[in-house]
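# Inside the fold
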Amino acid sequence: MRKTDLLITRRSALKAVGGAAATGLLVRAFPTPAIAQAAPLRIGFMLPYTGTYASLAKNIDGAFRQYVEEKGGKLGGRSLEYVMVDDQAEPSKATDNMNKLVDRDKVDVVVGTVHSGVQMAMVKIARESGKLMIIPNAGADDATRSACAPNIFRTSFSNWQPCFPVGKVMAEKGHKTAMTITWKYAAGEEDVRAFKEGFGAVGGSVIGELYVPFPEVEFQSFLTQIAEKKPDAVFAFFAGGGAVKFVKDYAAAGLKKSVPLYGPGFLTDGTLQAQGEAAEGLLTTLHYADDLDNPTDKKFREGFKKKFNADADVYAVQGYDSAALLGVGLEAVKGDMKAADAMYKAMGAAKIDSPRGPLSFSASHNPIQNIYLREVKNGKNTFVKIAHANLADPGTGCKMS
Ligand code: PHB
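Worth saying up front: this structure is predicted, and the values here are computed from it rather than measured.

Time to look at the pairing of strand S5 (residues 132–135). Neither face of S5 is left uncovered, since the one carrying Leu-132 and Ile-134 and the one carrying Met-133 and Ile-135 both have all their residues buried. Two strands pair when backbone bridges link them, and strand S4 (residues 109–111) and S5 are joined in this way by three bridges, in the parallel orientation. Across the sheet, residue Val-111 finds its bridge partner in S5, namely Ile-134. In terms of handedness, the path from S4 via helix H6 (residues 116–129) over to S5 forms a crossover that is right-handed. As paired strands, S5 and strand S6 (residues 152–154) are joined by three bridges and run parallel to one another. Looking at the pairing, Ile-134 lines up with Phe-153 of S6.

Pasting the structure below:
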């Protein structure tokens, strides 16, 4: 800065602002509250734009922007600008990536992420910095249990939610024993725990647990173990590119008919085109289906198709609802994020008419939502029934400070 810049008087600065406004230039000297409020809100997307979860990131990001565009480009009177960080679903880089968004890019809101391990590193920084964070996918249970915080919200699910109901579905089909297979990291482990809780509650027993290193997709030796052990059914959590390969390998190994495959709906969501015949007939549970056919869902799916020339999936719904939740908060404070308490209060009390159906939030800011049983039919996750209505996470250990 030159010395003369420091000598600028308030009067001449105000004159300069007036002149600049008249000529359409943007001057940031001495911002009045009105000018500060008119500045775009900075949204930091921290998502795995590359790797096995890349398609999930793309749909979360895309549908968030879709929602904002449908609202005329503004939420609570504020226009938005976006900063994107590719977290690569890599926990070892998560702290640096989150710090980049919070400290360097000075975003107002972090929207992220997909991978539970990355999420917990982000949760730590969100708690320390007080930055508003909206979780658009990752299910890490503790984010809305012991690590809950006033500035942390989730629009997706806790890992427990879509997995607990699977056991009952299996029992209703007459299965008494099951094996589990998943990637070895927080989401897989929490999913299996929730499934075992649900299956155990209806008298089922798990006779083997298989864990594949994340994000590897060499399933052959594991499938051989399933064939040898012959459980009544298999519970699997994989998603994105890994789910495509697993479902195809499972069918190719000849297991699909002899040992029915179940899981949370991530196994078949956003993946059906690539899975083809291998996925037909699979039963999964999730907070979304492709044919819920409520008016919000219809409008959402049509808008998504038009914008991206692709079908929406659960990840797109979660991105869309992240923007909707932020919109509720910003509306309540007329775009002034400094009124954080009022903003978070409104977000916690939000009742969102989501494409998934009614969406509200528990005291720990986790979704309360229907979990649907779906069957893959003609390349769609079709609605069978509500497997568990208005399911809330047990939310143990949450103490808002
Ligand atoms: C997670 O890591 O929490 C996770 C990732 C992908 C999914 C669901 C959960 O589809």
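After presenting the structure, the write-up continues.
What follows is about unusual backbone geometry. Omega for the bond connecting Gly-112 with Thr-113 falls within 30 degrees of zero, at 5°, which places this linkage in the cis form. Mapped onto the elements, Thr-113 comes out in the loop between S4 and H6. In this structure, Pro-215 follows Phe-214 across a cis peptide bond, with omega equal to 0°. Mapped onto the secondary structure, Pro-215 falls in the loop between strand S8 (205–213) and helix H10 (220–229). A positive phi angle, close to 50°, is found at Ala-89, a residue other than glycine. Checked against the element boundaries, Ala-89 lands in the loop between strand S3 (78–86) and helix H5 (94–104).

Think of an α-helix as turning once every 3.6 residues; residues three or four places apart then point the same way. Between the first and last C-alpha of helix H9 (residues 186–201) there are 23 Å, a value that for 16 residues agrees with the 22 Å anticipated at 1.5 Å per step. For H9, the full list of buried residues reads Ala-187, Gly-188, Glu-190, Asp-191, Val-192, Ala-194, Phe-195, Gly-198 and Phe-199. Remark: Gly-203 follows H9 within two positions and exhibits a positive phi of approximately 90°.

Our next topic: the site of the ligand. The ligand sits among 16 residues. The nearest are Val-114, Ser-116, Gly-139, Tyr-185 and Tyr-315. The separation between an oxygen atom of the ligand and a polar main-chain atom of Gly-139 is 2.9 Å. Taking Tyr-185, its side chain carries an N or O atom lying 2.5 Å from an oxygen atom of the ligand. Taken together, the residues that form the shell around the ligand break down as eleven nonpolar, five polar and no charged.

Below, the discussion takes up the state of the cysteines. Overall, the coordinates contain one disulfide when judged by the stated rule. A sulfur-sulfur distance of 2.1 Å marks the disulfide that ties Cys-148 to Cys-398. Judged by the sign of its S-S torsion, about 90°, the cystine formed by Cys-148 and Cys-398 is right-handed. A residue pair is termed long-range when its members are at least 10 positions apart, and Cys-148 in the loop between S5 and S6 and Cys-398 in the segment after strand S15 (380–391) qualify at 250 residues. Relative accessible area serves as the criterion here: at 0%, Cys-148 is assigned to the buried category. According to the relative accessible area criterion, Cys-398 is partly exposed, its value standing at 23%.

A few words now on the packing of aromatic side chains. Inspection of every chain in the model, using the stated rule, returns 24 aromatic pairs. Each ring, one from Phe-195 and one from Phe-235, has its centre 4.4 Å from the other, and the planes form 10°; the classification is stacked. Taken together, the residues span a long stretch of sequence, with Phe-195 in helix H9 and Phe-235 in strand S9 (residues 233–237) at a distance of 40 residues. Residue Phe-195 shares its accessibility class with Phe-235, and that shared class is buried. Centre to centre, the rings of Phe-246 and Tyr-250 are 5.7 Å apart; their planes meet at 45°, and the pair counts as tilted. Of this pair, Phe-246 and Tyr-250 both sit in helix H11 (residues 240–252), separated by four residues, roughly a single helical turn. Taken together, the ring pairs in this structure connect Tyr-53, Trp-183, Tyr-185, Phe-214, Phe-219, Phe-238, Phe-246 and Tyr-250 into an aromatic cluster. Looking at Arg-65, its charged tip hangs above the ring of Tyr-82, at a distance of 4.3 Å from the centre. In this structure, Lys-184 packs its charged tip against the face of Tyr-211, placed 4.9 Å from the ring centre.

Considering the arrangement of structural elements, one finds Asn-137 in the loop between S5 and S6. Using a relative accessible area of 4% as the deciding quantity, one classes Asn-137 as buried.

Before going further, it helps to spend a moment on the domain arrangement of the protein chain. Considered domain by domain, the protein chain is made up of domain 1 (41–157 + 293–369) and domain 2 (161–286). Measuring from the centre of the C-alpha atoms in domain 1 to the corresponding centre in domain 2 gives 28 Å. Counting residues at the interface gives 18 residues for domain 1 and 18 residues for domain 2. Roughly 1300 Å² is buried in total at the junction of domain 1 and domain 2, and carbon and sulfur atoms are behind 54% of that figure. Summed over the three residues of domain 1 that lose the most area to domain 2, namely Thr-52, Tyr-53 and Phe-157, the buried surface amounts to 36% of that side. Viewed at the interface, domain 2 and domain 1 are joined by zero salt bridges. Here domain 1 and domain 2 share seven residue pairs in polar contact (both at pLDDT 80 or more) between them. The set of elements that each furnish at least two residues to the side of domain 1 that touches domain 2 consists of helix H4 (54–70), H6, helix H15 (314–332) and strand S14 (367–377). Of the residues in the side of domain 1 that touches domain 2, the class split is eight nonpolar, eight polar and two charged.

Conventions and cut-offs
- Each chain carries its own residue numbering, running from 1 in the direction its sequence is written.
- Confidence filtering applies because this is a predicted model: local features only for residues at pLDDT of at least 70, side-chain atom pairs given and counted only at 80 or more, and all residues used for totals across whole chains, interfaces and linings.
- Here the side-chain values reflect all heavy atoms present in the structure, with hydrogen atoms and water set aside.
- The buried label applies to any residue whose accessible area, calculated with a 1.4 Å probe on protein chains only, is under 20% of its type's maximum; exposed applies above 50%, and partly exposed to all values in between.
- What counts as a helix is a DSSP run of H or I of at least four residues, what counts as a strand is a run of E of at least two, and both are numbered from the N terminus.
- Strand pairing is assigned whenever DSSP detects at least two bridges linking the two strands.
- Viewed with both strands pointing away, a crossover whose connecting path from the first strand over the helix to the second turns clockwise is right-handed.
- To estimate how far a helix should reach, multiply one less than its number of residues by 1.5 Å.
- Neighbouring residues are identified by heavy atoms, a residue being near a molecule or strand if any of them is within 4 Å of it.
- We call two N or O atoms a polar contact when they sit within 3.5 Å, provided that within protein one can donate a hydrogen and the other can accept it, with sequence-adjacent residues counted only if both atoms are side-chain atoms.
- Classification convention: Asp, Glu, Lys, Arg as charged; Ala, Val, Leu, Ile, Met, Phe, Trp, Tyr, Cys, Pro as nonpolar; all other residues, Gly among them, as polar.
- Cysteine sulfur atoms that come within 2.5 Å of each other are treated as a disulfide pair.
- When two rings of Phe, Tyr or Trp (its six-membered ring) have centres within 6.5 Å they constitute a pair, described as stacked for plane angles under 30 degrees, edge-to-face for angles over 60, and tilted for the intermediate range.
- Distance and angle both matter: a charge sits over a ring if NZ of Lys or CZ of Arg is within 6 Å of the ring centre and within 35 degrees of the ring normal.
- Note that the domain bounds reflect an automated or database-derived domain assignment.
- Any pair of residues with heavy atoms lying within 4.5 Å of one another is described as a contacting pair.
- Joining two parts hides part of their accessible area as seen by a 1.4 Å probe, and the buried area is that hidden amount summed over both.
- The term salt bridge refers to a pairing of a side-chain nitrogen on Lys or Arg with a carboxyl oxygen on Asp or Glu at a separation within 4 Å.

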